[in-house]
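# A closer look at the structure
Below, each chain spelled out in residue letters.
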Amino acid sequence: MSDTEFYSTTVPRADTDFTVPKRYSELKMIGRGAQGIVCSALDTQYGVKVAIKKFMKPFQTQIHAKRAFREIKLMQLLRHRNIISLLNLFTPSESIDGFTDMYVVMDLMDANLCRVVNTQLDHERVSYLLYQVLCAIRYMHSAGIIHRDLKPSNIVVKEDCSLKILDFGLARNVGNFMMTPYVVTRYYRAPEVILGMPYDEKVDVWASGCIFAELIKGEVFFPGSDHIDQWHQITSVLGTPDDTFIDRLMDTVKTYIRSKPRVHRPTWEELVPDHLFPSGGPNDAQRTREGRDLMSRMLEIDPLKRLTIDQCLQHPYVRCWYRQEEASVNCPETYNHGIDEVELNPEQWKELIFSEVTEFQQKFPTGHTPV
Ligand code: AMP
């Protein structure tokens, strides 16, 4: 593959060895996802800390392979400061015969957003975190990607409040009830998806609104226990939607919703009272009003009434952070969704993924320079 020298190291708590080029030292486990184990490491070549994710046998099933392949393709396509970028891609295997594991090197962040929920955040931090989520999502949309599975565990942040989205959501042909091992999170799922309506980019505005509300409230805003309960949670908080929305539903769903007692819509001041918002700063009362206004417009049940991502970025609560190069840049290429639709057997996936890794190594033998 390349003349890099590899070594194997046992990482405490990881239950697996990492076999990496010698330039990476001090490996420590930091996370575990559906696809693999993530370690922090020191890249001695540049003197920077990085994250290394090990994908074990990424080709073993159709689901694992597609997801791994999509992830490495998208990490290379999407280049935005609020989206995790690929610094290096390698395998210790020299030939396809011995190929089992793939390693992805990324920027290292401090923690995922779950760790931030329930910490004392001021308006400056909350609005900046939200702004960065919106910038990342807008950029993904510009590449033709609707995320559809945005959640706090897939958003990572640093102490300095910089934020990056870690994953690229669901492939277009993946239904809501995907098979194991990937559990599609329910709490952030938009009403139009729950009710089986056609949907678009606005589903990501809903999810971002849920995450915003969670940062303010300190707990999940719509904690549904199953698919149906998710809808009940939403209406028990926001009230039954108007007839203009219900009239657009499929007949069976319409009948079901009309059979339920109408729930009164409380005011947003009642739903998210002042004491939940940051306070004590000179402009906090006004920032609270702006924040609540934006939240209410992102969490409109009817997607036709919900703000677009560009409208969110222009809202007074986040507009103070607006920078052209973050909030209105488009990805130069759109994603080829055809990749998500190919059906290959494990041996073919193995070849495809191995050749992707080999190609990367040929093009960038020492990876990309971290910024
Ligand atoms: P994943 O396998 O991508 O779902 O990642 C699992 C967990 O590992 C995440 O929820 C994060 O807590 C952590 N993690 C993954 N990548 C990084 C990274 N680049 N920087 C910091 N933490 C990360």
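### Looking at the overall build of the protein chain
Scanning the protein chain from N- to C-terminus turns up 14 helices and 10 strands. Since a compact globule built from 371 residues should have a radius of gyration of about 21 Å, the 22 Å found for the protein chain is in line with a globular shape. Taking the principal axes of the C-alpha coordinates as reference, the protein chain spans close to 65 × 50 × 40 Å. By the burial criterion, 54% of the 371 residues in the protein chain qualify as buried. Taking the intrachain contacts of the protein chain between residues at least 6 apart in sequence as the baseline, contacts between residues at least 24 apart amount to 66%. Surface exposure of the protein chain reaches about 17,000 Å², of which carbon and sulfur atoms provide 51%. Put simply, the protein chain has 43 plus and 49 minus side-chain charges, and the middle of one group is 2 Å from the middle of the other.

### With respect to the site of the ligand
Around the ligand sit 17 residues, and of these Lys53, Asp107, Met109, Asn112 and Ser153 come closest. Asp107 is positioned with one of its backbone polar atoms (N or O) 2.8 Å from a nitrogen atom of the ligand. Interatomic distance of 3.0 Å between a side-chain N/O atom of Asn112 and an oxygen atom of the ligand. Here the ligand, which alone exposes 480 Å², has 89% of that area covered by the protein. The element that contributes the greatest number of residues to the shell around the ligand is strand β3 (residues 24-32), accounting for 3 residues. Residue composition of the shell around the ligand, by class: 9 nonpolar, 5 polar and 3 charged.

### Focus: the domain arrangement of the protein chain
What the domain assignment reports for the protein chain is domain 1 (6-108 + 341-363) and domain 2 (111-327). Measuring from the centre of the C-alpha atoms in domain 1 to the corresponding centre in domain 2 gives 31 Å. Its salt-bridge partner being Arg67, residue Asp167 comes within 3.8 Å of it at the nearest N-O pair. Within the residue set of the side of domain 1 that touches domain 2, elements represented by two or more residues are α1 (62-77) and β7 (101-107). Here the residues of the side of domain 1 that touches domain 2 sort into 10 nonpolar, 4 polar and 8 charged.

### Structural notes on the sheet that holds strand β8 (residues 111-112)
Strand order across the open sheet formed by 3 strands is β8-β9-β10, with antiparallel pairing between neighbours. Of all the strands in the sheet, just β8 and β10 (163-165) have a single pairing partner and so form its edges. In this sheet, β10 lies alongside strand β9 (residues 155-157) in antiparallel orientation, the contact comprising 3 bridges. From the neighbouring strand, Val157 faces β10, where its bridge partner is Leu163. Packed on one face of the sheet, helix α2 (residues 123-142) meets β9 and β10 and runs near 35° to β10.

### Looking at the nonpolar core
Formed by 99 residues in total, the largest nonpolar core has its most connected members in Leu78 and Met102. Of the residues forming this core, the biggest block, 12 residues, is contributed by α2. Built from parts of two domains, this core gets at least three residues from each of domain 1 (6-108 + 341-363) and domain 2 (111-327). Counting residues in each nonpolar core, the second largest holds 16 residues, with Cys39, Ala41, Val50 and Tyr103 among its members.

### Comments concerning the sheet that holds β3
Across the sheet, which stays open at both edges, the 5 strands sit in the order β3-β4-β5-β7-β6 with antiparallel pairing between neighbours. For this open sheet the edge positions go to β3 and β6 (86-90), each flanked by a neighbour on one side alone. Adjacent strand axes in the sheet meet at a mean angle of 25° when their direction is disregarded. The pairing of strand β5 (residues 48-56) with β7 spans 7 bridges and is antiparallel.

Definitions and limits used
Residue positions are given per chain, counting from 1 as you read along its sequence in written order. Per-residue local features are limited, in this predicted model, to residues with pLDDT of at least 70; the limit for side-chain atom pairs, both in listing and counting, is 80 or more; totals at the level of whole chains, interfaces and linings are taken over all residues. Side-chain metrics rest on all non-hydrogen atoms present in the structure, leaving aside hydrogens and water. Numbering of helices and strands runs from the N terminus; a helix is a DSSP stretch of H or I covering at least four residues, while a strand is a stretch of E covering at least two. As a reference, a globule follows 2.2 Å times the number of residues to the power 0.38, and the radius of gyration itself is taken over C-alpha atoms. Each residue is assigned to one of three classes by its accessible area relative to the maximum for its type, calculated with a 1.4 Å probe on protein chains only: buried under 20%, partly exposed between the two thresholds, exposed over 50%. Contacts: residue pairs with any heavy atoms within 4.5 Å of one another. Here the accessible surface of atoms and residues is derived via Shrake-Rupley with a 1.4 Å probe, and residues count as covered only by protein chains that are part of the display. The charged-residue count follows a simple rule in which Lys and Arg add positive charge and Asp and Glu add negative charge, with His and chain termini not counted at all. Positions of charges follow a simple convention, taking NZ of Lys, CZ of Arg, CG of Asp or CD of Glu. Nearness here has a simple test: a residue counts as near a molecule or strand if at least one of its heavy atoms is within 4 Å of that partner. Any N or O atom pair separated by 3.5 Å or less is treated as a polar contact, with the protein-specific requirement of one donor-capable and one acceptor-capable atom, and with residues adjacent in sequence counted only for side-chain atom pairs. Polar here means any residue other than Ala, Val, Leu, Ile, Met, Phe, Trp, Tyr, Cys and Pro, which are nonpolar, and Asp, Glu, Lys and Arg, which are charged; Gly is therefore polar. For the purposes of this description, domain bounds are those given by an automatic or database domain assignment. Salt bridge, as used here: a side-chain nitrogen of Lys or Arg that lies within 4 Å of a carboxyl oxygen of Asp or Glu. Strands pair, by our definition, only if DSSP identifies at least two bridges between them. Interaxial angle, 0 to 180 degrees, is taken between N-to-C directions of lines fitted to C-alpha atoms, where a helix line uses only the stretch in contact. For our purposes a nonpolar core is just a set of buried Ala, Val, Leu, Ile, Met, Phe, Trp, Tyr and Cys residues, chained together by side-chain atoms within 4.5 Å.

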